Amino acid sequence: MREWESPDYEPSLPISEKSNPLTRDIDRASATCIVRMLQASDAQMFQEGTGTTYKRLLSEQVVETLMEVAKRVELILEDPQDSLVVLSGCGTSGRIAFLMASSFNRALRELNKSPVYSYIIAGGDKALLSSQEAPEDDPRMGMLSLKRVCEGKRRVLFIGISCGLSAPFVAGQLDFCLQHPEVFTPVLVGVNPTHQARDEPIPGCTFTFRSVVQRMQELAKSQKAFLVNPAVGPEAISGSSRMKGGSVTKILLEVVLSAAHAATFTNTSVTYMGILQHMRAYEKTLDITYAQEEGISALLEAAGRSLRRGGRVCYLGWGSLAATGLIDASECIPTFGADYNDVRGFVSGGYRELNNNEGPLISLGPDFCIAHEDFLRLALPSLSDLDAVLLVYTHSDDVCDVVKLARRVREKTSNLHAVYHQVDGDTAAAVQQVSICPSIYLSIYLSIYLSIYLSIYLSSDEYTLVFFQWELSTKLLLNAVSTGAHVLKGKIYQNHMIDVQVTNSKLYGRATRLLRVYQIHRCEDALLKAIYRVDELTADISSSDINTHTLAARNRTKVRRRGGAWSAGGSNGCVTCSVCV
Ligand code: S6P
């Protein structure tokens, strides 16, 4: 049995919050070792279970549930009138919901079919590009947003994503589905076993996440609800579900929706083997990506150097990979207490390419300017060798445009890199690319079986799976670069995030726990002192509830103790260290 699988390993924590034994020393590791640790952590996604402890991604029960869910999607695709598939989540889970709805609606459009997918992200579209952690605590907002999207529908397959089986926003939506079984079939996607679903009371609700899960388990017996929750091991950075949690969510949903599309549009039945093969293709993606260990380490080191010296890291992306960059960049803010300018993503085509529900968000300020033109206008003029720029594209993008932009960047910085995806054997564009900058080439190709399987998927585009593989590969790579760079900057202690704003109840619990782990007496008091910037707690503070605390914490950027007084901290400030001193 692996260490994290043992019932004695951090027994009070769900898997999604445990610390990963493989990355315990990541804060002291070299760039290459960081990449190896991340690879080992990601590889846990596809490991078989030892003993009967947890179901895993490739477990029979998981594959069979995926088949059932795919068949439900197929029913909707066959008769889409007044029907909808809604994908919803908070933070990364909501961003994956967005990516899925966009990809599969695009596939439908290519077949001249109407879209059937909708996404909901807690906090609305601005949460696609920025950290909006507070709405996660609001079950009513979750329920209302679902109600709004489903107005007038007679049949809805609701896919609620919460890696930790913990977000009250999603619990509120699932509860609503359970109250209206005539319309809704709920599906829950996460990475914790059901008995580890969060059982904390939700203010103003009679249910907890766990009680909702238990009701779903009852209904699952008659296939009126579905639970897809394989264990994939603790995150490389404890609780950072943007990493494995996000990757596995993407894999699970792409497998289900692709199978449903194949069944509907090409009469390819949903089969156990088909689902399994598709998942194996993602395992291969992981191998292909991490085979570039040297290149990824160099990139991580360059990005780390930039961040340490106060420079920026910019991702310039093309096609569907650009959104992956945008998302990775936005997640650095809550994970590492980063400034929005530290890591930024830009998309060729801007909001037109993103095609989000609420359209352009530029009126919200410069953080929401995401087009390459915005990069040229806002970032390029002040770009220097301190800043690292990363081009992310594939052989199917406009390589001339890439070269044009690369030349302009080169005039300002030599710290320019590229991640380039190609199908096997396609070297023409790669040759052109070599002259631009040091690059990582990721060559992904299909096995014959998958080529046949997928050429009849979704559309006549035989590269459908390849695109998904490229996206996953890009996600793994960018997660490695941004995580590794922040580790090198000193934003991680052991394998814990220590520079986070405690803006929702999950983060509040995590911060309290962290302080407890490090033997801090009266740890919650210490956290409150940091939030309210006081040396002594008043009766008012002590008697307030967690909502009030997380509200107050929203106005704190970094918190550290300076000369005995609690004050806004600088770049090295962190809740834990501030209390340790
Ligand atoms: C995690 C990310 C968070 C989570 C969000 C939802 O790295 O920063 O925003 O995605 O808290 O978590 P969950 O467990 O409901 O998917």
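No experiment lies behind these values; they were computed from the predicted model shown.

Peer 1: What is the right way to look at the nonpolar core in this model?
Peer 2: Note on soluble globular proteins: their nonpolar side chains tend to be buried together. In this structure, Leu66, Val73, Tyr117, Leu129, Ile159, Ile275 and Met279 are the most contacted members of the largest nonpolar core, which totals 110 residues. No other element matches the twelve residues that helix H18 (residues 464-489) contributes to this core. Looking at which domains feed residues into this core, each of domain 1 (60-278) and domain 2 (292-451 + 461-493) supplies at least three. Beyond its immediate stretch of four places on either side in the chain, Leu129 contacts Leu326, Ser330, Tyr351, Leu354, Leu361, Phe368 and Ile370. Listed in part, the 31 residues of the second largest apolar core include Leu84, Val170, Ala197 and Ala225.

Peer 1: Is there a simple way to think about the packing of aromatic side chains in this case?
Peer 2: The way to describe two aromatic rings as a pair is by their centre distance and the angle between their planes. The tally for this structure, following the rule as stated, stands at nine aromatic pairs. Ring centres of Phe98 and Tyr119 lie 5.1 Å apart, and the angle between their planes is 75°; on these two criteria the pair is classed as edge-to-face. Highlighted residues: Phe98 in helix H3 (residues 92-110) and Tyr119 in strand S2 (residues 117-121), separated in sequence by 21 residues. Classification of Phe98 as buried rests on a relative accessible area of 3%. Residue classification places Tyr119 among the buried positions, given a relative accessible area of 7%. Grouped by ring-pair contacts, the aromatic residues Phe104, Tyr117 and Phe468 constitute a single cluster.

Peer 1: Which parts of the structure should I look at to understand the environment of Pro168?
Peer 2: Inspection of the secondary structure assignment puts Pro168 in helix H6 (residues 168-179). Setting aside anything within four residues of it in sequence, one finds Pro168 in contact with Glu136, Asp137, Asp138, Pro139, Arg198 and Ile202.

Peer 1: How should I be thinking about the site of the ligand in this particular structure?
Peer 2: Taken together, 15 residues lie near the ligand, and Ser93, Glu136, Ser162, Cys163 and Lys506 sit nearest. Note that an oxygen atom of the ligand is positioned 2.9 Å from one of the backbone N or O atoms of Thr92. Between Glu133 and the ligand, the recorded distance is 3.2 Å, taken from a side-chain N or O atom to an oxygen atom. Of the residues contributing to the shell around the ligand, the split by class is three nonpolar, eight polar and four charged.

Peer 1: Sorry, what's going on with the sheet that holds S2 here?
Peer 2: The strands that make up a sheet are held in pairs by hydrogen bonds between backbone atoms, and each pair lies either parallel or antiparallel. Read across the open sheet, the five strands follow the order S2-S1-S3-S4-S5; overall the sheet is parallel. Every other strand in the sheet has two partners, leaving S2 and strand S5 (226-228) as the edge strands with one partner each. Taken pair by pair, the neighbouring strands of this sheet meet at an average axis angle of 20°, ignoring direction. As paired elements, strand S1 (residues 83-89) and strand S3 (residues 155-161) share seven bridges and run parallel to each other. Each residue of the ladder has a partner; that of Ser88, found in S3, is Gly160. Helix-sheet contacts for helix H2 (residues 60-78) involve S1, S2, S3, strand S4 (184-189) and S5, and the interaxial angle to S5 is about 125°.

Peer 1: Any chance you could explain the packing of helix H1 (residues 31-43) against helix H10 (residues 293-308) here in plain terms?
Peer 2: The angle between the axes and the distance between the axes are what describe a pair of packed helices. Contact pair H1 / H10: the axes reach a minimum separation of 8 Å and the direction vectors enclose 120°. Overall, the two elements H1 and H10 adopt an arrangement that is oblique. Pair H1 / H10 crosses with right-handed handedness. For the pair H1 and H10, the contacting residues are Ala31, Thr32, Ile34, Val35 and Arg36 in the first and Glu293, Ile296, Ser297, Leu300 and Glu301 in the second. Considering only residue class, the contact of H1 with H10 consists of five nonpolar, two polar and three charged.

Peer 1: Could you clarify how one ought to interpret the domain arrangement of the protein in this entry?
Peer 2: Size of an interface, as often reported, equals the accessible area lost when the parts are brought together. In terms of domain boundaries, the protein breaks down into domain 1 (60-278), domain 2 (292-451 + 461-493) and domain 3 (500-579). The C-alpha-based centres of domain 1 and domain 3 are spaced at 33 Å. If you look at the interface, domain 1 gives ten residues, while domain 3 gives eight residues. For the pairing of domain 1 and domain 3, the buried interface totals around 720 Å² over both sides, and the portion due to carbon and sulfur atoms is 38%. Sorting the residues of domain 1 by area buried against domain 3 places Glu133, Ala134 and Asp137 first, and these three jointly supply 48% of that buried surface. Counting every contact that joins domain 1 to domain 3 gives one salt bridge.

Peer 1: Is there a simple way to think about the pattern of salt bridges in this case?
Peer 2: Think of it this way: side chains of opposite charge can pair up when their charged atoms draw near. Under the criterion given, the structure shown has 26 salt bridges. Note that Asp175 is salt-bridged to Arg215, the shortest N-O span being 2.9 Å. You can see Asp175 sitting in helix H6 and its partner Arg215 sitting in helix H7 (residues 209-220), a full 40 residues away along the chain. Residue classification places Arg215 among the partly exposed positions, given a relative accessible area of 32%.

Peer 1: Quick question: what am I supposed to make of unusual backbone geometry here?
Peer 2: Backbone geometry follows two general trends: most residues other than glycine have a negative phi, and most peptide bonds adopt the trans configuration. Despite not being glycine, Glu10 shows a phi value in the positive range, around 40°. Tracing the chain through its elements places Glu10 in the segment before H1. In this structure, Gln494 takes a positive phi of about 55° despite not being glycine. Assignment of secondary structure puts Gln494 in the loop between strand S11 (492-493) and strand S12 (496-497).

Peer 1: What exactly am I supposed to notice about the pairing of S1 here?
Peer 2: Within a regular beta strand, the side chains point alternately toward one face of the sheet and then the other, so they alternate between its two faces. With seven of seven residues buried, S1 lies mostly within the body of the structure. The alternating pattern of S1 places Ser83, Val85, Leu87 and Gly89 and Leu84, Val86 and Ser88 on opposite faces, both of which are buried. In this sheet, S2 lies alongside S1 in parallel orientation, the contact comprising five bridges. Bridge assignment links Val85 to a residue of S2, and that residue is Tyr117. Viewed along the sheet, the connection from S1 through H3 into S2 turns out right-handed.

Peer 1: Explain the side chain of Thr474 here, please?
Peer 2: Among the structural elements, Thr474 can be located in helix H18. On the basis of relative accessible area, Thr474 is assigned to the buried category, the value being 1%. Beyond its immediate chain neighbours, meaning those up to four positions away, Thr474 contacts Leu321, Thr324, Val392 and His421.

Cut-off values and rules
Residues numbered from 1 in each chain as written. Predicted model: local features only at pLDDT ≥ 70, side-chain atom pairs only at ≥ 80, totals over all residues. Heavy atoms only, no water. Core = buried A, V, L, I, M, F, W, Y, C linked by side-chain atoms within 4.5 Å. Buried < 20%, exposed > 50% of the residue type's maximum accessible area, 1.4 Å probe, protein only. Helix = DSSP H or I, 4+ residues; strand = E, 2+ residues; numbered from the N terminus. Domains from an automatic or database assignment. Contact = heavy atoms within 4.5 Å. Phe/Tyr/Trp six-rings, centres within 6.5 Å; stacked < 30°, edge-to-face > 60°. Near = heavy atom within 4 Å. Polar contact = N/O pair within 3.5 Å; in protein donor to acceptor, adjacent residues only side chain to side chain. Nonpolar A, V, L, I, M, F, W, Y, C, P; charged D, E, K, R; others polar. Pairing = 2+ DSSP bridges. Axes fitted to C-alpha atoms, helices over the stretch in contact; angles between N-to-C directions. Parallel < 35°, antiparallel > 145°, perpendicular 65-115°, else oblique. Left-handed = near helix turned anticlockwise from the far one by under 90°. Buried area = accessible area lost by both parts, 1.4 Å probe. Salt bridge = Lys/Arg side-chain N within 4 Å of Asp/Glu carboxyl O. Right-handed = clockwise from strand over helix to strand, strands pointing away.

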